[in-house]
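Now for the letters of each chain:
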There are 4 protein chains.
Amino acid sequence: MLKVGLLGAGRIGRVHAINIASHARSQLVAVSDVNEDAARSLAGAYGAQATSSDAILADASIDAVLIATSTDTHSDLIEKATAAGKAVLCEKPVDLSLERAQACLDAVSKTGVPVMIGFNRRFDPNFSAIKASVVAGEVGKPELLSITSFDPAPPPVAYVKVSGGLFRDMMIHDFDMANFLMGDAPTSVHAAGTSIVDPEIGKAGDVDTAVVTLIYADGRIAVIKNSRRAVYGYDQRVELLGSEGLLSAGNVLENTVSKATKQGVTSAKPEFFFLERYMRAYAAEWDAFVSAILDGAAIPVTLQDGVAALALAEAATQSAKSGQSVTLAR
Amino acid sequence: MLKVGLLGAGRIGRVHAINIASHARSQLVAVSDVNEDAARSLAGAYGAQATSSDAILADASIDAVLIATSTDTHSDLIEKATAAGKAVLCEKPVDLSLERAQACLDAVSKTGVPVMIGFNRRFDPNFSAIKASVVAGEVGKPELLSITSFDPAPPPVAYVKVSGGLFRDMMIHDFDMANFLMGDAPTSVHAAGTSIVDPEIGKAGDVDTAVVTLIYADGRIAVIKNSRRAVYGYDQRVELLGSEGLLSAGNVLENTVSKATKQGVTSAKPEFFFLERYMRAYAAEWDAFVSAILDGAAIPVTLQDGVAALALAEAATQSAKSGQSVTLAR
Amino acid sequence: MLKVGLLGAGRIGRVHAINIASHARSQLVAVSDVNEDAARSLAGAYGAQATSSDAILADASIDAVLIATSTDTHSDLIEKATAAGKAVLCEKPVDLSLERAQACLDAVSKTGVPVMIGFNRRFDPNFSAIKASVVAGEVGKPELLSITSFDPAPPPVAYVKVSGGLFRDMMIHDFDMANFLMGDAPTSVHAAGTSIVDPEIGKAGDVDTAVVTLIYADGRIAVIKNSRRAVYGYDQRVELLGSEGLLSAGNVLENTVSKATKQGVTSAKPEFFFLERYMRAYAAEWDAFVSAILDGAAIPVTLQDGVAALALAEAATQSAKSGQSVTLAR
Amino acid sequence: MLKVGLLGAGRIGRVHAINIASHARSQLVAVSDVNEDAARSLAGAYGAQATSSDAILADASIDAVLIATSTDTHSDLIEKATAAGKAVLCEKPVDLSLERAQACLDAVSKTGVPVMIGFNRRFDPNFSAIKASVVAGEVGKPELLSITSFDPAPPPVAYVKVSGGLFRDMMIHDFDMANFLMGDAPTSVHAAGTSIVDPEIGKAGDVDTAVVTLIYADGRIAVIKNSRRAVYGYDQRVELLGSEGLLSAGNVLENTVSKATKQGVTSAKPEFFFLERYMRAYAAEWDAFVSAILDGAAIPVTLQDGVAALALAEAATQSAKSGQSVTLAR
């Protein structure tokens, strides 16, 4: 039984709390949050203690921590937790600064304590089926990857200003998905980004619509499309063309009902947003973490993976500004 | 908080235990089973007591019981539980004997204690969306209902012999779905049933493939197709033609991935069987029961509904034998 | 080059004219119609002669006739044409009277002249793919066939009165499809038919909504659903459950476009009616006839097939009236 | 009745011949080809004369010519035909040289004779439905366009060498589609192109896999993906994200049949290649040309459109070589 402390009792912390508590091999023992009421309420629902993050890190009976606090605290908490010998599952991104994330990786590497980054989409049953099919060679050699990733609505401009920008905040998931599915890092990044959804986002120095092209050393290409607004719901699709076929993962719909009338045939929309769409992915992610720690298996998404995705986000941010391609060292 | 005793710790009892324990307004306090080890193991996982069904019914602190025991005990347990003042959620069917089920209904009616029958499919998000659309008049007046309901593989012949036959054991779900969606009982039942899947099922006096046609007083028609074997998985679909359109609820697939190769385009199969397909339905069913009891709302699936479905099963069994239609009193 | 006379220049005659004229191995040489203007106009468009049906049958240079006149003339024209040695492709049904159709079959059999009946749906690329898959054993042994066949709108009541009724006029296509796909005739027919779409159809002695169940000697079952009104278009689908899988042929849609908005995802309707849906089938039917005649191949849909479908229509008509099953001699 | 001369009796010429001959308002009167046998054979099938292109251009009774010869002859023939007063429908591309195409446009403009370029995909019922929906504002303001366009198999390397390269030969269709759907020309072009399908294509100086990103003055973005090899068939899809929804045009499948077995659910592949997929588009294109000429309507795809697409192909070719974006004058 893995005894777990949860740092952060916000929206995503609550999702993790349910998965920790309902897993047969883990137990939620403590919750902390800067908002003490939130910590108390969440802890109470699962028979856990509300306490401080320092107290959690100092508690020798706690085996692992799940970091679901604000991004600016991630690197510090990862370093403190690993220094205290706690296994870590930390929400993405590692940091908004590539330099800081790299320093965190260097510090953690010395401890040998396992750290997993919460790129939940790798655990989505659809995308993991794509990965399994690629690995099994079912469509031959991958040649052209396409990722479509649209949010249902743009976040508040106030959030945009502190988010690190679309490439670090939103597309970082897709950079990780590209790294996951292509099994390599690209050598060239080109980004086109504009603010056509909301001019206020442009005034805040960010983009809301973007297309990024990645070129790999062996000639493979990946293209990622992001938009902050798809009014019909969360659009999350992947297509991979290989030498012997095409793999496609479609959206998860709210239901399977269709209605045919004089006006046409209407079916359900995609699940609204990430909490609905990726509910199964979060549970599978937690299961993978528990198995890795308790059974000594390899960590499926490493801190190094987190840094690699951030490096692509940094390059894309630079390319979108200059309009030119950025070459990456391998 | 609804305090709940669970009678029956088998496969379906375990599904209910998870839903009872994880619901914010219910608590699993006791579990009984003829297999005491099964009861102990399940109770232990959720901090409940393993005990006898008599002890559960005698425990004044318990508000409600969920009956997930073998079918032949349902009527007795419903009567005992309601006599003890416990609200009841009982798995389908009420009984294999229409006469016994009717007697149970008569007995329970006098107590005024709420009893709900576990026709879980009414709570499937797809079928409940169909019902909501019908009620909203989105396809006009219903005219022709089609239900496709195929199991992935036939049960052992030993089970078939004690099951009451396909119409009482399997199609009873579809009879309830017809009653649910058409909002009325038919006046005529015709059944065609054969044992083409497995001749042993025929030798045991049952059928494994059946088509039932229901005719309603106002001219509407429903048709139900059952097969004990669909090797590609659990096939659960509904179509309703109305004066202004067609509603269709399709299967829930294992994932959304498709693979296009020289051989064609391959996509995922339907979820394998009822535990996978109706997982969400069982949770929604439990939520509906808790809300009905705690908030005093109407019971969404009544004991009367259970008896009505059984009456259709009885008529279909008779029609399949005689080859002729059976007329029902309204 | 097959020289062809076309008897009947109405809606369906015009479709056949295009196929005859554009086929590399056939030539339209003469057209007749009770409406002489219609014959002249159609003949003119393809460089053919407008003349009388008697003249066509008497013209030794004509190899074959296509009979697209009103149903009540079919049997007579088939007999006259075969007596004159012309190969015949005749629109369905052979006759409204089973007795008359049987007499026609007897008369024609003695001549040895080839006669094909225009059950166009056998040549639909979707349904013929189902047949090919069944024959190839791709889903094992067929067990349960379902045919859905809805028209977009009911015909005028005046037409209904002379149509022979839904079973002879509309479901006859589906009876032939069942015979085609099951490769055998059923031993029992049960029909449920009501007039819920339009009470005037009921007053005219016909039904507009019907479900027919066919039982075969070896335990297989087929079910056919008909409605005279599906406001979303012509609904033409087939499903065949076999011991090793399910084959489904869906509707042909007007286009492949979908539109996702806040209101849901909308896609195109099925092709509106038979001229749109079965355009490719009519061309393939004509090609099959030409090949059969010129290359001496077997006639793919015989006059015997036409009589067999009519026998099922007769039995269904009787069953819908009596409410009881009709047993058929094999 | 439009009297038409066909220049070129190759594969695509034969498709046009059928459409010209079967159209109610056009007549095929003459055919020319460098291969005189091909011209004779095709002319004979439709009662036309086989002759030379010079004779066709000199024949005062001919109203229009369809140019389906090799690309290097297009500009010359367009100039000669318009000088002779013949309306022209010319296959794409106008020329491999942007300079030559521009000169042709200048020459033709002075004559006032109508010239249409055969971008057949604009007439595909799926893509034209997308256009109609955009124009009707059904998804609000367009923001992000995606075009997927994969051929089933790469052409011979010998063809590649004279083709002008993937951007001029293959993606030119997609550049025109972008211009058609976005209703404007982009201001920036970035191309990533590699030869991962076949290294011989790379040695010949061309690419076989490419992603092009177009940025428009108002912030809209379009992305085009091309591959010379999709083993499952011709993959031709368009998606357009707008401020109020998403429009998607999917592939046209060979049939609507699906087969569900233990191995999964298999459905048909996309139509194999352009002759199958765009058969309806070619007929609609010809109908649009006939209507424009006979009814004096506007030419739906102008020579200017042909030059505009070529300008994008030129820019993309340059960008793929340099790895950097190319800025276009508006």
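Residues numbered from 1 in each chain as written. Chains lettered and ligands numbered in written order. Predicted model: local features only at pLDDT ≥ 70, side-chain atom pairs only at ≥ 80, totals over all residues. Heavy atoms only, no water.

The name recorded for chain A in an unreviewed UniProt entry is Inositol 2-dehydrogenase, from Neorhizobium lilium. According to UniProt, the comment filed for chain A under the heading Sequence similarities (unreviewed entry) is "Belongs to the Gfo/Idh/MocA family." (UniProt positions renumbered as here; feature names shortened; annotations may be inferred.)

**Q** Would you mind going over the interface of chain D and chain A with me for this structure?
**A** It is common to report an interface's size as the accessible area lost on association of the parts. Facing the 40 residues of chain D at the interface are 40 residues of chain A. When chain D packs against chain A, close to 3,000 Å² is buried across both sides, 63% of that on carbon and sulfur atoms. Put simply, chain D and chain A have 6 salt bridges between them. With a closest N to O distance of 3.9 Å, Lys225(D) and Glu239(A) form a salt bridge. Between chain D and chain A we count 17 residue pairs in polar contact (both at pLDDT 80 or more) in total. Where the side of chain D that touches chain A is concerned, the elements lending two or more residues are strand 7 (142-150), strand 8 (188-194), strand 9 (209-215), strand 10 (221-227), strand 11 (235-242) and strand 12 (245-249) of chain D. Here the residues of the side of chain D that touches chain A are counted per class, giving 16 nonpolar, 14 polar and 10 charged. (Contact = heavy atoms within 4.5 Å. Buried area = accessible area lost by both parts, 1.4 Å probe. Salt bridge = Lys/Arg side-chain N within 4 Å of Asp/Glu carboxyl O. Polar contact = N/O pair within 3.5 Å; in protein donor to acceptor, adjacent residues only side chain to side chain. Helix = DSSP H or I, 4+ residues; strand = E, 2+ residues; numbered from the N terminus. Nonpolar A, V, L, I, M, F, W, Y, C, P; charged D, E, K, R; others polar.)

**Q** Explain the sheet that holds strand 5 (residues 87-91) of chain A to me, please; I cannot follow it from the model alone.
**A** Sheets are built from strands that pair by backbone hydrogen bonding, the pairs being arranged parallel or antiparallel. All names here are of chain A. Read from one edge to the other, the open sheet built from 6 strands follows the order 3-2-1-4-5-6, with strand pairing classed as parallel. Pairing within the sheet leaves two strands with one partner each, and these edge strands are strand 3 (49-50) and strand 6 (115-118). Bridge analysis of strand 2 (residues 26-32) against strand 3 gives 2 bridges, and the strand direction is parallel. Paired with Ala30 across the strands is Gln49, a residue of strand 3. (Pairing = 2+ DSSP bridges.)

**Q** What should I look at first to understand the relation of the copies chain D and chain A in this one?
**A** Note that the two copies of the chain are related through a rotation about an axis and a translation along the same axis. By a simple turn and slide, chain D fits onto chain A: the slide is 0.0 Å along the axis, the RMSD is 0.0 Å, and the turn is 180°. Here the two chains are linked by the operation of a two-fold rotation axis. Within chain D, the C-alpha atom positioned nearest to the axis of rotation is that of Gln324(D), 2.8 Å from it. In this assembly, 100% of the residues forming the interface of chain D have copies in chain A that are likewise at the interface, indicating an isologous arrangement. (Least-squares fit on C-alpha atoms with pLDDT ≥ 70 in both.)

**Q** Got a minute to help me understand the pairing of strand 8 (residues 188-194) of chain B in this structure?
**A** Along a regular strand, successive side chains alternate from one face of the sheet to the other. All names here are of chain B. Counting buried positions over the 7 residues of strand 8 gives 6, a clear majority of the element. Pairing between strand 8 and strand 9 (residues 209-215): 7 bridges, direction antiparallel. Looking at strand 9, one finds that Ser188 is bridged to Ile215. Sheet topology places strand 8 next to strand 15 (residues 326-327); 2 bridges connect them, and they run antiparallel. Among the inter-strand pairings, Ser188 is bridged to a residue of strand 15, identified as Thr327. (Buried < 20%, exposed > 50% of the residue type's maximum accessible area, 1.4 Å probe, protein only.)

**Q** I keep staring at helix 13 (residues 303-322) of chain B and nothing clicks. Help me out?
**A** The α-helix advances 3.6 residues per turn, and as a result positions three or four apart in sequence lie on the same side. Residues and elements named next belong to chain B. With 20 residues, helix 13 should reach 28 Å at 1.5 Å per residue; the first-to-last C-alpha distance of 29 Å fits that figure. What helix 13 keeps buried is the set Leu303, Gly306, Val307, Ala309, Leu310, Leu312, Ala313, Ala315, Ala316, Thr317 and Ser319. After helix 13 finishes, the residue Gly323 shows a positive phi value of roughly 80°. (Expected span 1.5 Å × (residues − 1).)

**Q** In this structure, what is going on with the relation of the copies chain B and chain C? I would like to understand it.
**A** Each copy of the sequence occupies a distinct position, and chain B is placed on chain C by a rotation of 180° and an axial shift of 0.0 Å, giving an RMSD of 0.0 Å. By residue overlap, the copies meet face to face through one surface: 100% of the interface positions of chain B are interface positions in chain C.

**Q** Which parts of the structure should I look at to understand the pairing of strand 6 (residues 115-118) of chain C?
**A** Residue and element names in this part refer to chain C. The alternating pattern of strand 6 places Val115 and Ile117 and Met116 and Gly118 on opposite faces, both of which are buried. In this structure, strand 5 (residues 87-91) lies alongside strand 6, joined through 4 bridges in parallel fashion. Opposite Cys90, over in strand 6, you have Ile117 as the bridge partner. Remark: the strand 5/helix 5 (residues 98-111)/strand 6 crossover connection has right-handed handedness. (Right-handed = clockwise from strand over helix to strand, strands pointing away.)

**Q** Looking at this structure, how should I read the pattern of salt bridges?
**A** Any two side chains of opposite charge can pair, on the condition that their charged atoms come close. Enumeration according to the criterion identifies 72 salt bridges over all chains in this entry. Among the salt bridges present, the one from Asp305(A) reaches Arg122(A), with a minimum N-O distance of 3.8 Å. Of this pair, Asp305(A) sits in helix 13 (residues 303-322) while Arg122(A) sits in the loop between strand 6 and helix 6 (125-135); the two residues are 183 residues apart in sequence, bridging distant segments of the chain. Judged by its relative accessible area of 9%, Arg122(A) is buried. Notably, a salt bridge pairs Lys259(B) with Glu138(A), separated by 3.2 Å at the nearest N-O pair. Of this pair, Lys259(B) sits in strand 13 (residues 257-261) while Glu138(A) sits in the loop between helix 6 and strand 7 (142-150), placing the two residues on different chains.

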